[in-house]
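Here's the letter readout for the chains.
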Amino acid sequence: MKYKYAFGLLGNARAFVESAVDYARQDQREQWKFAILHLTTALELILKARLAMEDHRLLVVGKTPVSDRQFDEGDFRSVGIEDCVERLARNTRFSLRNQQRQVLSSLQSLRNRVAHYIDPSDTVAVKAAVGAGLNLFIEINNAEFRDEDPYGARTMSELVVELHKHEDFVKERLSSLSERLRSATRPRTHYTDECSFCLQDAAIIDGDEVRCLFCGHGMATREFAELRSDNGTVEACPKCGRPSIAKHQWKDREPTYECFCCGHFRGPELKWSDGNAEIPRLHPDR
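The following paragraphs examine the structure supplied in this document. All figures in this text were calculated on a predicted structure; none of them were measured in a lab. (Residues numbered from 1 in each chain as written. Predicted model: local features only at pLDDT ≥ 70, side-chain atom pairs only at ≥ 80, totals over all residues. Heavy atoms only, no water.)

## With respect to the layout of surface pockets
Considered as a void within the structure, the largest pocket measures approximately 490 Å³ in volume. Mapped onto the lining of the largest pocket, the elements with two or more residues apiece are α5 (98–115), α6 (123–144), α7 (156–162) and α8 (167–183). Along the lines of polarity and charge, the residues of the lining of the largest pocket split into eleven nonpolar, nine polar and eight charged. Empty space within the second largest pocket amounts to approximately 280 Å³. What lines the second largest pocket is a set of 17 residues, and nearest its centre among them are Cys195, Ser196, Phe197, Met219 and Phe224. Secondary-structure elements contributing two or more residues to the lining of the second largest pocket are β2 (209–212), β3 (218–220) and α9 (221–228). Here the residues of the lining of the second largest pocket are counted per class, giving nine nonpolar, five polar and three charged. (1 Å grid on protein atoms, 1.4 Å probe; cavity = no way out; pocket = protein on both sides within 12 Å on 5 of 7 lines; lining within 4 Å. Points joined across faces, edges and corners; volume = space filled by probe spheres on them. Helix = DSSP H or I, 4+ residues; strand = E, 2+ residues; numbered from the N terminus. Nonpolar A, V, L, I, M, F, W, Y, C, P; charged D, E, K, R; others polar.)

Structure below.
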């Protein structure tokens, strides 16, 4: 990224969101206020980073010219988060949806209370707000800065994996991904039902990859099939055309060759169980 002011803001935003994640993972009542403070700051900074990508002069309050030296030294008054959101909508192709604005507004309200030494009494509401705010940060980062990882920063996928036990975050993230999951091409078999990184059922087939929408981890379709194949061999599926047919064989029984993407197979049909009873081999809604 060639815009040094935007990159500097992004680096600081990622540092603050990492800190917010660390506080949220502690799940201690006295630490949630720090998660709120750092998360709200992280969101403000990443929004300003996007504004600076358009023109760093849009960060300045008023119309007084600010020199590069003043920018380098931080010797200017920058816009607040509300003005930043409005300037983004007016000057860029990026804008927050109404639901995203509501998430930001709820966090700001909590942040103001915490900053004035008023501890929120409703811990459940605080956790929900933090979960929604963390998901909002990830959505903005993935939409505008997907290929940018500041030096030393944890990747977004790593942060998501660290949050997979935060129930409010998981609920918010799955909700935000529901439309994309419904419209995407998804594996019909059960091999991808639990991501090995975040443990969520959010795998999609994206070109030559199978990828988890929840955490972003993925691998080539062929590589995934190789890992599932008893002898490491992979065939192209005659039905969907992907290199996704793996060999499954138990002892000296007749082998089954099955496509993990569309479910096409030859040989004996494999049986699946949820641990208690037999379940259909394929997802009926995919």
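## Here we look at the sheet that holds strand β1 (residues 203–206)
The strand order β1-β2-β3 describes an open sheet built from three strands, whose pairing is antiparallel. Only two strands of the sheet have a single neighbouring strand rather than two, namely β1 and β3. On average, each strand axis in the sheet is inclined to that of its neighbour by 20 degrees, with strand direction left out of account. (Pairing = 2+ DSSP bridges. Axes fitted to C-alpha atoms, helices over the stretch in contact; angles between N-to-C directions.)

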